[in-house]
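# Inside the fold
Each chain is listed here by its residues.
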Amino acid sequence: MQPCFASDNYAGVHPRVLAALAAANDGPAPAYGADELTGAARQRFKDILGSEAEVFFVFLGTAANVLALSAMTRPHHAVLAAATAHINVDECGAPERHLGCKLMCVDTPDGKLTPELLQPFLLHLGNEHHNQPRVVSITQATELGTVYTPDEIRSLAGFAHDHGLLLHMDGARLGNAAAALGCGLRELTSGAGVDALSFGGTKNGLMFGEAVVFFRPELAQDFAFIRKQGMQLCSKMRFIAAQFLALLEHDLWRANASQANAMARLLAERVAGVPGVQITQAVQTNAVFASLAPGVIARLQRRFAFYVWNHEQNVVRWMTSFATTGAEVEAFAAAVRQEALADK
Ligand SMILES: Cc1ncc(COP(=O)(O)O)c(C=O)c1O
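This write-up is about the structure you can find in this document. (Residues numbered from 1 in each chain as written. Predicted model: local features only at pLDDT ≥ 70, side-chain atom pairs only at ≥ 80, totals over all residues.)

## Some remarks on the site of the ligand
For the record, the criterion: Nearness rests on one distance test: the residue's C-beta atom, set from the backbone, must lie within 6 Å of the molecule or strand. Gly falls in the polar group here, along with every residue not listed as nonpolar (Ala, Val, Leu, Ile, Met, Phe, Trp, Tyr, Cys, Pro) or charged (Asp, Glu, Lys, Arg).
Near the ligand you find Asn-9, Leu-60, Gly-61, Thr-62, His-86, Thr-139, Glu-143, Asp-170, Ala-172 and Thr-202, and these make up its full shell. Considered class by class, the residues forming the shell around the ligand number two nonpolar, six polar and two charged.

## Some words on the sheet that holds strand 3 (residues 102-106)
The test is simple: Think of it this way: DSSP has to see at least two bridges between two strands before they count as a pair. Helix and strand assignments come from DSSP, with helices taken as H or I runs of at least 4 residues and strands as E runs of at least 2, each series counted from the N terminus. The angle between two axes is taken between their N-to-C directions and runs from 0 to 180 degrees, where each axis is a line fitted to C-alpha atoms and a helix contributes only its stretch in contact.
Spatially, 1-7-6-5-4-2-3 is the arrangement adopted by the seven strands of the open sheet, whose pairing is mixed. Strands with a single pairing partner mark the edges of an open sheet, and in this sheet they are strand 1 (54-58) and strand 3. Sheet twist, expressed as the mean angle between neighbouring strand axes with direction ignored, is 20°. As defined by bridge partners, strand 2 (residues 77-82) adjoins strand 4 (residues 132-139) across five bridges and the pair is classed as parallel. The residue of strand 4 that forms the bridge with Ala-81 is Ser-137.

## A look at the environment of Pro-3
Keep this limit in mind: In this scheme the burial state of a residue depends on its C-beta neighbours within 10 Å: 20 or more other such atoms mean buried, 12 or fewer mean exposed, and anything in between means partly exposed; the C-beta positions come from the backbone. C-beta atoms are placed from the backbone for every residue, and two residues are taken to be in contact when these atoms lie within 7 Å.
Relative to the elements of secondary structure, Pro-3 occurs in the segment before helix 1 (15-24). Under the C-beta neighbour-count criterion, Pro-3 is labelled partly exposed, with 17 such atoms within 10 Å. Along the chain, Pro-3 and Glu-210 lie 207 residues apart, while their C-alpha atoms are 26 Å from each other. Once you skip the residues sitting within four places of it in the chain, Pro-3 turns out to touch Phe-304, Glu-328, Ala-331 and Phe-332.

## Comments concerning the pairing of strand 5 (residues 166-171)
What counts, and what does not: By the criterion used throughout, a crossover qualifies as right-handed when its path from the first strand across the helix to the second strand runs clockwise, the strands pointing away from the viewer.
Most of strand 5 sits inside the fold, with six of its six residues counted as buried. Taking every second residue as pointing to the same face, both faces of strand 5 are buried, with Leu-166, His-168 and Asp-170 on one and Leu-167, Met-169 and Gly-171 on the other. Both strand 4 and strand 5 contribute to a ladder of five bridges, which runs parallel. Each bridged residue has a counterpart across the sheet, and for Thr-139 the counterpart in strand 5 is Asp-170. Handedness of the crossover joining strand 4 and strand 5 through helix 7 (residues 150-162): right-handed.

Structure below.
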């Protein structure tokens, strides 16, 4: 198969995760999360993120976001997010439909919210004519591949809490951010004031599975019901739990994320200086954003899978995964160079 730079979702399953799935397939076990593996995986999350962490497994990242936000909002509320946020552009309106509340979208240069960018959205706090901002939702790593440092998260959490808001993190690629920053998972979440987390597994080597984690007991209180109504209560939950146990064991999550990040760095290095190729975002995790001539994009897309991120500006996203190899990057970078030079 051709090397693929479309999404980390295109990657297969890490062999250790697949082995854990096979090992979990050992006769019957209690359903709906009452099994030993689910108990062990939830405990493992507590060991890593803090004893206050209440963990609920779900199938999908969209569901993790929507259901976590459901536990945090009422229909007269608003969720503040970057305009580029997955909850805004890639969830087909699921948050608006299921929460019934408004998303308020903040323009950012790099996918990152700051207190200064959020401040104007709080103008009508307390005014019954306006949706009331209740949650700040940040994505770590962002949809543009950039990362929030622990200090930046702490400052957003402080800002949110000072105004009576909560902080949600879409951590579909939290592992990539932690690997890039050389941080622990706790440092970037509970330790930095995050109230609720969508913890990604699928993009980092699982077959399927995400976790919703609450760091405040009151948010977790009704979540079992919210998850069931949200159609994400997995009857054979041990198979999600087994995958997470494998991902968390010996920090496989970090090794996978580090590989993905290193491959994006390598790709950025290899295409830097190719005529007509402009890298448009800091390459901090596992994505390279670049602008190219439309003809070059079209020819490359006949040979490799990747997305055009911004059609007006001819910006593409090249994404790597734990399964991307150095040889694949070299082959792709050589093709970028060849097609770009052919255009000159
Ligand atoms: C930032 C972000 N959040 C969440 C998701 C989860 O999406 P899905 O519902 O496809 O698992 C994705 C997947 O692309 C993502 O990029």
